[in-house]
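Observations on the three-dimensional arrangement
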Amino acid sequence: MDQHPETTAITAGRPSLTPDGALNPPVVLTSTFHAGGEIGYGRYGNQTWSALEEAIGALEGGSTLVFSSGMAAISAVFSILPVGAPVVASNQGYSGVMVLLNSFHESGRLEVRFVDVLDTQSVIDAMKGAALVWLESPTNPGLDVADLTTLIAAAKKLGIGVGVDNTFATPLVQTPLSMGADIVMHSVTKFLSGHSDVLMGSLSTNDSALLKRLHDSRSFNGSIPGPFESWLALRGLRTFPLRFNKSQENAQALVTKLGSHPKITRVRYPGFGAIISFEVDGTAEQTQKVCESSKLIAHATSLGGVESLWERRRRWPMESASVPEQLIRLSVGCEHVDDLWNDINLALASI
Ligand SMILES: *Cc1c(COP(=O)(O)O)cnc(C)c1O
């Protein structure tokens, strides 16, 4: 039987077992290495990155590269596409990616075909002649779930590359490489590291030629993580399944309560995971006031940490106009669920 991810998260990326050898990989703080080895220089590799890469790779089922942020990881994927390459991507997703894709499209760097990922056939129709299909599922913050099995199979049939942003679902819910995707990406900043103290990204693949191109992109664009940040992320990863399962259990309990609250008009939740997006029965200003009225839930962007966070996504001018003004994205942490519900109730009572 295959080892469970709960075990892999704890065991992967450890130094080999030797008497008095450390249980944990050391933080290798060096910019250069003695000549004659495989790494050579600190922009090409680092033993602390490798330990984290081994652990994320074991969870996703592929060889992994870590980057300085999730955006750096995504940028590496787009950087290896030829100028003007057609890319199929969701018309709704993480705002930073939308900004990047729109700017690439406007400048002619890429020809981006924006699609509604809920309409599987329209996504397949847009694939003709494309170089890459980039899927985020569930999407941030709309929580739309794409039919990955069908879409990946369709792309493979046409010989088109597929990349999946797996930040929200995590390998505990889905492993896109096992479904045939070429690349799986993470904002390691979120659930994998899990303590809101580090920014990092990752790409995993089973294609060695692709891995080499992505490695070259990281080396020569210089989008490398710090060794200490990599160590922090690996430390966080050890408890990722514990944290994710607890946050998910809390989220599932909160979804039921939110759905029957008189001041909430709509609750979006894909049935798994720790992110809930809900809409307040009120104006943008009132919604903003709710976010500012919590005592326990921090009013802050980002997600996937042990601490619950929420925000009105449209407070960011770059957020898509398709996201309602009254939408609050709640990242459910590991606090006691009764304390979270009390806090949500009090904040909603402020309007
Ligand atoms: C946060 C996020 C990113 C960007 O990652 P950073 O680590 O902030 O650069 C990409 N995709 C999704 C789905 C995210 O939530």
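Residues numbered from 1 in each chain as written. Predicted model: local features only at pLDDT ≥ 70, side-chain atom pairs only at ≥ 80, totals over all residues. Heavy atoms only, no water.

The next point concerns the overall build of the protein chain. Within the protein chain, the regular secondary structure consists of 11 helices and 12 strands. A compact globule built from 351 residues would reach a C-alpha radius of gyration of about 20 Å, and the protein chain, at 21 Å, matches this within 12%. Counting only C-alpha atoms, the protein chain reaches 65 × 55 × 40 Å along its principal axes. By residue count, 54% of the 351 residues in the protein chain fall in the buried class. Total accessible area on the protein chain is roughly 15000 Å²; 55% of this is exposed by carbon and sulfur atoms. Of the side chains in the protein chain, 26 bear a positive and 34 a negative charge, and the two mean positions are spaced by 2 Å. (Helix = DSSP H or I, 4+ residues; strand = E, 2+ residues; numbered from the N terminus. Rg over C-alpha atoms; globule rule 2.2 N^0.38 Å. Buried < 20%, exposed > 50% of the residue type's maximum accessible area, 1.4 Å probe, protein only. Areas by Shrake-Rupley, 256 points an atom, 1.4 Å probe, with all protein chains shown as cover. Lys, Arg positive; Asp, Glu negative; His and termini not counted. Charge placed at Lys NZ, Arg CZ, Asp CG, Glu CD.)

Side chains of Y41, Y44 and F220 sit close together on the surface and give an oily, nonpolar patch of about 320 Å² of accessible area. Here F220 shows up in helix α7 (residues 208-221). Judged by its relative accessible area of 58%, F220 falls in the exposed class. (Patch = residues over 30% accessible without salt bridge, like charges linked within 9 Å, V, L, I, M, F, W, Y side chains within 5 Å. Salt bridge = Lys/Arg side-chain N within 4 Å of Asp/Glu carboxyl O.)

The subject of this paragraph is empty space enclosed by the protein. Counted under the stated rule, the structure contains 3 cavities of 30 Å³ or more. Estimated volume of the largest cavity: approximately 50 Å³. Lining the largest cavity are A89, S90, Q92, G93, V97, M98, L101, W134, L135 and E136. Broken down by secondary-structure element, the contributors of at least two residues to the lining of the largest cavity are β2 (85-90), α4 (95-107) and β4 (132-136). Taken together, the residues of the lining of the largest cavity break down into 6 nonpolar, 3 polar and 1 charged. (1 Å grid on protein atoms, 1.4 Å probe; cavity = no way out; pocket = protein on both sides within 12 Å on 5 of 7 lines; lining within 4 Å. Points joined across faces, edges and corners; volume = space filled by probe spheres on them. Nonpolar A, V, L, I, M, F, W, Y, C, P; charged D, E, K, R; others polar.)

Within the structure, the ligand sits among 15 residues, and M71, D165, S187, T189 and K190 are positioned closest to it. M71 is positioned such that a nitrogen or oxygen atom in its backbone is 2.8 Å from an oxygen atom of the ligand. Its free accessible area being 380 Å², the ligand has 94% of it covered by the protein chains. The pocket occupied by the ligand, as judged from atoms lying within 2 Å of grid points, is the largest pocket. Counting residues per element, the ones that place at least two in the shell around the ligand are α3 (70-79) and β6 (183-187). When the residues that make up the shell around the ligand are grouped by side-chain class, the tally is 6 nonpolar, 6 polar and 3 charged. (Near = heavy atom within 4 Å. Polar contact = N/O pair within 3.5 Å; in protein donor to acceptor, adjacent residues only side chain to side chain. Sits in = over half its atoms within 2 Å of the grid points.)

Glancing now at unusual backbone geometry. Omega for the bond connecting S137 with P138 falls within 30 degrees of zero, at -5°, which places this linkage in the cis form. In this fold, P138 is placed in the loop between β4 and α6 (148-157). Within the chain, D20 stands out as a residue other than glycine whose phi angle is a positive 65°. Here D20 is to be found in the loop between α1 (5-11) and α2 (47-60). Residue D20 is classed as exposed on the basis of its relative accessible area, which comes to 85%. Of note in the backbone geometry, S196 takes a positive phi value of approximately 50° without being a glycine.

For the rest of this paragraph, the subject is the domain arrangement of the protein chain. The domain boundaries assigned to the protein chain delineate domain 1 (5-237) and domain 2 (240-348). Each of domain 1 and domain 2 was reduced to a C-alpha centroid, and the two centroids are 26 Å apart. Contacts between the two partners involve 30 residues from domain 1 and, on the opposite side, 26 residues from domain 2. Regarding the contact of domain 1 and domain 2, the summed buried area is about 2300 Å², with carbon and sulfur atoms giving 69% of it. Here domain 1 is connected to domain 2 by 0 salt bridges. Inspection of the region where domain 1 meets domain 2 yields 10 residue pairs in polar contact (both at pLDDT 80 or more). Of all the secondary-structure elements, those providing two or more residues to the side of domain 1 that touches domain 2 are α1, α4 and α8 (227-237). Broken down by element, the residue count for the side of domain 1 that touches domain 2 peaks at 3 residues, all from α1. Taken together, the residues that form the side of domain 1 that touches domain 2 break down as 16 nonpolar, 12 polar and 2 charged. (Domains from an automatic or database assignment. Contact = heavy atoms within 4.5 Å. Buried area = accessible area lost by both parts, 1.4 Å probe.)

Further remarks concern the nonpolar core. In terms of nonpolar packing, the biggest core is built from 26 residues, with F78, L110, W134, L203 and L214 touching the most fellow members. Those elements that place two or more of their residues in this core are β1 (63-67), α3, β2, α4, β3 (110-115), β4, β6 and α7. When residues in this core are grouped by element, the largest group, 6 residues, is from α3. Here L203 is in contact with S63, T64, L65, F67, A73, A76, V77, I183, V184, M185 and L214, once residues within four sequence places are set aside. Residues L59, F240, I275 and L303 belong to the second largest nonpolar core, which totals 24 residues. (Core = buried A, V, L, I, M, F, W, Y, C linked by side-chain atoms within 4.5 Å.)

What follows is about the pattern of salt bridges. Scanning all chains against the criterion turns up 12 salt bridges. The salt bridge partner of R312 is E325, with a shortest N-O separation of 2.7 Å. You can see R312 sitting in strand β11 (residues 309-312) and its partner E325 sitting in the loop between β11 and β12 (327-331), a full 13 residues away along the chain. The class of E325 is partly exposed, set by a relative accessible area of 30%. A salt bridge links R313 to E319, with the nearest nitrogen and oxygen atoms 2.8 Å apart. By the burial criterion, R313 is buried, and E319 matches it.

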